[in-house]
Amino acid sequence: MEFETVAIHVGQEPDQETGAVIPPVYLTSTFAQHAPGQTRGYDYTRSGNPAFTRLGATLARLEQAEFATVFGSGMAAVNAVISTLSSGDHVLAEENIYGCTYRIYDQVFKKFGITIRYVDLSDPANYPEIAKQNPTLVWIESPTNPLLKILDIEALATACHAAGTELLVDNTFASPYFQNPLSLGADLSLSSTTKYINGHSDCLGGVVCTNSHAWNEKMIFAQKAVGLNPSPFDCWLISRGLKTLGIRMEKHFENALAVATFLENLDCTATVRYPFLPSHPQHELAKKQMRGGSGMVTAIFDLPLEQVVKLISNLQFFSLAESLGGIESLICHPASMTHASIPKEEREAVGITDGLVRFSVGIENAADLIEDLQTALNTL
Ligand SMILES: *Cc1c(COP(=O)(O)O)cnc(C)c1O
């Protein structure tokens, strides 16, 4: 069964009792038991609900994983993984990671003795750090947010396993349609389902996929014991959005390539990053481990900050907003929005400068999007 068919049919079989083609959502906190401890498979929604089971079944198949545990947000999924660590454990991470992942380590878990160190893992010359630092876990994103660096998942998984550690890949930016980290050797694939997987910017969710029984047990435990469960209704919405993931990603890819090409040809951009532009430094690697690009495009404008702000505030179809991966186009200024929680010097050291603008290109008509950008540029 191919991707689009899995997305529509797996975990989404018609309701056994009524034949309803769309499975119902059970908005219930608790489940009646036959006798004490004798349930019909569910006891309390924090530890399970049919909507979690259905969404998890679809996501596991799409990520080519044996198991998937769903959470209330991408950060709840991040929290679930970190909650399995102990005081004294340390994590080695790619230096360009999502701002809130940086913050949860720095401001929440550091005080419990869990430390994180950052290194540029897009550069194979730094792989020896993995064996040298002997971390409990290696944490990466690819493509990274917002620089869209591509990390070699297969090579990193090999380096991690040789060093006796494990690799987590945050797969939010690629989506399972374009990249499957577990098939490339990663131990955990985490996604914020809020983004491409749901795709309609109307609820939050997260997932952790794995082929490891031990990790699966730990994720199920975190869901109920730490209270990281999603809401049944949000899972129902995500299951609905997920059915069109394949067709949406194709259009995001087509539109993003058009927008990136337009931006690259402007005189006022210093750099345009899109993994499927031949100018991307890791274009060959992107083609090797991804089946296509998402809607994320990053441009560094060679303009003063006021002009960048004016440009991104004057667009009709790109809403100035955090988040990404929805059908509608969004634009974001990471230095003052998503990555504002990272100190300025650290942010600039990894390349998140004031001229950097991140586009989440939606599935509108590409010509309309380009005309919108040109109109705003003409006012500068
Ligand atoms: C948004 C995002 C998260 C967090 O997900 P939420 O659903 O917002 O909690 C984690 N990682 C990446 C790469 C993200 O883009």
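Colleague: So what exactly am I meant to see when it comes to the domain arrangement of the chain here?
Modeller: For interface size, the figure often reported is the accessible area lost on association. Taken as a whole, the chain is organised into domain 1 (3-242) and domain 2 (245-378). Summarising the inter-unit geometry, the C-alpha centres of domain 1 and domain 2 are found 25 Å apart. Summing both partners gives a buried area of about 3500 Å² for domain 1 against domain 2, and 58% of it is carried by carbon and sulfur. Measuring nitrogen to oxygen at the nearest pair gives 3.8 Å for the salt bridge that ties Lys288 to Asp152. Counting every contact that joins domain 1 to domain 2 gives 20 residue pairs in polar contact (both at pLDDT 80 or more). Of all the elements in the fold, those that place two or more residues in the side of domain 1 that touches domain 2 are helix H4 (99-109), helix H6 (153-162), helix H7 (175-178) and helix H9 (232-242).

Colleague: Where do I start with the pattern of salt bridges in this structure?
Modeller: Where charged atoms of side chains with opposite charge meet at close range, the side chains can pair. Inspection of every chain in the model, using the stated rule, returns ten salt bridges. The closest approach of N and O atoms between Glu95 and Lys149, which form a salt bridge, is 3.6 Å. Of this pair, Glu95 sits in the loop between strand S2 (90-94) and H4 while Lys149 sits in the loop between strand S4 (137-141) and H6, placing them 54 residues apart in sequence. Looking at Glu95, the relative accessible area reads 30%, which means it is partly exposed. A salt bridge links Glu348 to Lys344, with the nearest nitrogen and oxygen atoms 3.2 Å apart. Linking Glu348 with Lys344, this pair stays in helix H13 (residues 344-349), spanning four residues, or about one helical turn. A relative accessible area of 41% places Lys344 in the partly exposed class.

Colleague: Looking at this structure, I do not really get the sheet that holds strand S7 (residues 206-210). What am I missing?
Modeller: The strands that make up a sheet pair up through hydrogen bonds in the backbone, lying either parallel or antiparallel. Taken together, seven strands build an open sheet; the order of strands is S1-S7-S6-S5-S4-S2-S3 and the sheet is mixed. Two strands close off the open sheet at either side, each with one partner strand: strand S1 (67-71) and strand S3 (115-119). Taken over all neighbouring pairs, the strand axes of this sheet differ in orientation by 20 degrees on average, direction set aside. As judged from the three bridges shared by S2 and S4, these two strands associate in the parallel manner. Across the sheet, residue Leu92 finds its bridge partner in S4, namely Val138. Its contacts with the sheet place H6 against S4 and strand S5 (166-170), and it is angled at close to 150 degrees to S5.

Colleague: Just checking my understanding: could you explain the site of the ligand for this structure?
Modeller: Near the ligand lie 13 residues; those nearest to it are Met75, Asp170, Ser192, Thr194 and Lys195. At a separation of 2.8 Å, an oxygen atom of the ligand approaches a polar backbone atom of Gly74. Within the side chain of Asp170, an N or O atom sits 2.7 Å from a nitrogen atom of the ligand. Protein burial of the ligand: of its 380 Å² of free accessible surface, 93% is covered by the chains. Broken down by class, the residue content of the shell around the ligand amounts to four nonpolar, six polar and three charged.

Colleague: It is not clear to me how the packing of helix H10 (residues 245-264) against helix H14 (residues 366-378) should be interpreted in this structure. Could you clarify?
Modeller: To characterise two packed helices, one gives the angle between the axes of the helices and the distance between these axes. One way to put it is that H10 packs onto H14 with a least axis distance of 9 Å and a crossing angle of 30 degrees. It follows that H10 is roughly parallel to H14 by the angle criterion. Of the two elements, H10 crosses H14, and the hand of that crossing is right-handed. Each of Asn255, Ala258, Val259 and Phe262 in H10 lies in contact with H14, whose residues at this interface are Ala366, Leu369, Ile370, Leu373, Gln374 and Leu377.

Colleague: Honestly, the pairing of S7 in this entry has me stumped. Any pointers?
Modeller: Two faces belong to every sheet, and in a regular strand the side chains alternate between them. Within S7, five of the five residues are buried, which leaves the element mostly enclosed by the surrounding structure. Every second residue of S7 is oriented toward a common face, with Gly206, Val208 and Thr210 on one face and Val207 and Cys209 on the other, all of them buried. Sheet topology note: the S1/S7 ladder contains five bridges and is antiparallel. The residue of S7 that forms the bridge with Ala68 is Cys209. Inspection of the sheet shows strand S6 (residues 188-192) paired to S7 by five bridges, in the antiparallel sense. Considered in S7, the bridge of Ser189 is made with Cys209.

Cut-offs applied
- Residues numbered from 1 in each chain as written.
- Predicted model: local features only at pLDDT ≥ 70, side-chain atom pairs only at ≥ 80, totals over all residues.
- Heavy atoms only, no water.
- Domains from an automatic or database assignment.
- Buried area = accessible area lost by both parts, 1.4 Å probe.
- Salt bridge = Lys/Arg side-chain N within 4 Å of Asp/Glu carboxyl O.
- Polar contact = N/O pair within 3.5 Å; in protein donor to acceptor, adjacent residues only side chain to side chain.
- Helix = DSSP H or I, 4+ residues; strand = E, 2+ residues; numbered from the N terminus.
- Buried < 20%, exposed > 50% of the residue type's maximum accessible area, 1.4 Å probe, protein only.
- Pairing = 2+ DSSP bridges.
- Axes fitted to C-alpha atoms, helices over the stretch in contact; angles between N-to-C directions.
- Contact = heavy atoms within 4.5 Å.
- Near = heavy atom within 4 Å.
- Areas by Shrake-Rupley, 256 points an atom, 1.4 Å probe, with all protein chains shown as cover.
- Nonpolar A, V, L, I, M, F, W, Y, C, P; charged D, E, K, R; others polar.
- Parallel < 35°, antiparallel > 145°, perpendicular 65-115°, else oblique.
- Left-handed = near helix turned anticlockwise from the far one by under 90°.

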